Structure formats: C-alpha cells, structure tokens
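# Summary of the model geometry
The primary structure of each chain is shown beneath.
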Amino acid sequence: QVQLVESGGGLVQAGGSLRLACAASGSIFSINAMGWYRQAPGKQRELVTAITPGGSTNYADSVKGRFTISRDNPKNTVYLQMNSLKPEDTGVYYCNAYALLTYGGRWNDYWGQGTQVTVSS
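Numbers given to residues run from 1 along each chain, matching the order in which its sequence is written. Note on the predicted model: pLDDT of at least 70 is required for a residue's local features to be given, and 80 or more for side-chain atom pairs to be given and counted; whole-chain, interface and lining totals, by contrast, use all residues. Side-chain measures here rest on the full set of heavy atoms in the structure, leaving out hydrogens and waters.

Attention now moves to the sheet that holds strand S7 (residues 67–72). What makes two strands pair is DSSP finding at least two bridges between them. Numbering of helices and strands runs from the N terminus; a helix is a DSSP stretch of H or I covering at least four residues, while a strand is a stretch of E covering at least two. Ordered in space as S1-S3-S8-S7, the four strands form an open sheet in which the pairing is antiparallel. The open sheet terminates on both sides in strands that have one partner only, identified here as strand S1 (2–7) and S7. Across the sheet, the mean angle separating the axes of adjacent strands is 15 degrees when strand polarity is ignored. In this structure, strand S3 (residues 18–26) lies alongside strand S8 (residues 77–82), joined through six bridges in antiparallel fashion. When the sheet's bridge partners are listed, Ala23 is paired in S8 with Thr77. For helices, the fitted axis covers only the stretch in contact; all axes are lines through C-alpha atoms, and the angles between them, taken along N-to-C directions, range from 0 to 180 degrees.

What follows concerns the environment of Gln116. Mapped onto the elements of the fold, Gln116 is located in strand S11 (residues 115–120). The class for Gln116 is partly exposed, based on a relative accessible area of 38%. Distance from Gln116 to Leu11, taken between C-alpha atoms, is 8.2 Å for residues 105 residues apart in sequence. Contacts are assigned to residue pairs that have any heavy atoms within 4.5 Å of one another. Ignoring sequence-local partners within four residues, the contact set of Gln116 consists of Gly9, Gly10, Thr90, Gly91 and Val92. Each residue is assigned to one of three classes by its accessible area relative to the maximum for its type, calculated with a 1.4 Å probe on protein chains only: buried under 20%, partly exposed between the two thresholds, exposed over 50%.

Pairing geometry for S1 and S3, over six bridges, is antiparallel. Note that in S3 the partner of Leu4 across the bridge is Ala24.

Glancing now at the packing of aromatic side chains. Each Phe, Tyr or Trp ring, with Trp reduced to its six-membered ring, pairs with another whose centre is within 6.5 Å; inter-plane angles below 30 degrees give stacked pairs, above 60 give edge-to-face pairs, and intermediate values give tilted ones. Tallied over the full model, the rule gives three aromatic pairs. Note on Phe29 and Tyr103: the rings are 5.7 Å apart at their centroids and 55 degrees apart in plane angle, and the pair reads as tilted. Pair noted here: Phe29 is in the loop between S3 and strand S4 (30–39) and Tyr103 is in the loop between strand S9 (91–100) and strand S10 (108–111), with a separation of 74 residues, a long-range link. Residue Tyr103 is classed as exposed on the basis of its relative accessible area, which comes to 69%. Relative to Trp111, the ring of Tyr37 lies with its centre 4.8 Å away and its plane at 65 degrees, an arrangement referred to as edge-to-face. Here Tyr37, found in strand S4, pairs with Trp111, found in strand S10; they are 74 residues apart in sequence, far enough to count as distant. We classify Trp111 as partly exposed; its relative accessible area is 36%. Lysine NZ or arginine CZ positioned within 6 Å of the ring centre and within 35 degrees of the ring normal marks a charge as sitting over the ring. Over the face of the ring belonging to Tyr94 we find Arg45, whose NZ or CZ atom lies 3.9 Å from the ring centre. Between the NZ or CZ atom of Arg45 and the centre of the ring of Trp111, over which it lies, the distance is 4.9 Å.

Our focus in this paragraph is the nonpolar core. One finds Leu4, Trp36, Phe67, Val78, Met82 and Tyr93 to be the most contacted residues of the largest nonpolar core, which totals 27 residues. Mapped by element, the contributors of at least two residues to this core are S1, S3, S4, strand S5 (46–51), S7, S8, S9 and S11. Non-local contacts of Tyr93, meaning those with residues more than four positions away in its chain, are made with Glu6, Leu20, Trp36, Tyr37, Arg38, Val48, Phe67, Leu80, Met82, Gly114, Thr115 and Val117. As used here, the term nonpolar core means buried Ala, Val, Leu, Ile, Met, Phe, Trp, Tyr and Cys residues forming a set that is joined through side-chain atoms within 4.5 Å.

This next bit is on the environment of Gln81. Tracing the backbone through its elements, the reader meets Gln81 in strand S8. Along the backbone, Gln81 and Gly26 are 55 residues apart, and their C-alpha atoms lie at a distance of 25 Å. Gln81 has contacts with Ser17, Leu18, Arg19, Arg66, Phe67 and Thr68, leaving out every residue within four places of it along the chain. N or O atoms within 3.5 Å of each other form a polar contact, as long as, within protein, one can give a hydrogen and the other can take it, and as long as residues adjacent in sequence are counted only when both atoms are side-chain atoms. In this structure the side chain of Gln81 is engaged in a polar contact, spanning 3.0 Å, whose partner is the side chain of Asn83.

Structural data, given as structure tokens:
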C-alpha cells in the first residue's frame, strides 16, 4: 500500500511562485522515478516533469526555465518549485511514483489525489 500526498497548491497571481511537495508513505520496498503531471480544464493529463533516483530530470517545454523538480530519496519526497507562473499553468497537479511494494513483486505507477494550482492574471 502506497500513499502519495501532495501539498502546497493554492491561488497565486501571474508571475508568482509556488512550491509543491509530495510525500510517499506506506509499505514501500523501493521507488524509482517520481514526477508531476497536471490536468487543465478541458485538456488531457500531461507530464510536467520527472526525476530519477539519481537526479536525471526532464521537463515539458512549456515549463522549462520556470519549474524545477527535486527529490529527497530517504524521505521519499519529491518537490516542484514553480516560478514565473502563468495563467496557463492552472490545473490540478498530480504526483506520480513508480514503485515496488514487495521484493519480487511488480513495479507499478501510483498517484496522489492531486492539488489545485490556480494562477490569476
């Protein structure tokens, strides 16, 4: 059983910043990649950014230079620093983790409940 809990969402004006955090807890044997997805109204869920245990990252073109992902492996926590926010960044942000619950089991994707980020103009 894995629980992913996001925090840090809220309402911010364009140009402002927010810092999201996602902590994984429960019966976890190992976590590989972690990432952030978002879903804007009327759009499909999209990958925003992801990070490997070793620190390799990728970003959607729309957020490069503005967002930074990081993680604390011993704490099973991933962060998303969002700067220079734009109204088009508005959406529900979901934490994702690719995790193994039991040695010898199967790796699978796990999702948080999501946190709302609203950027006003």
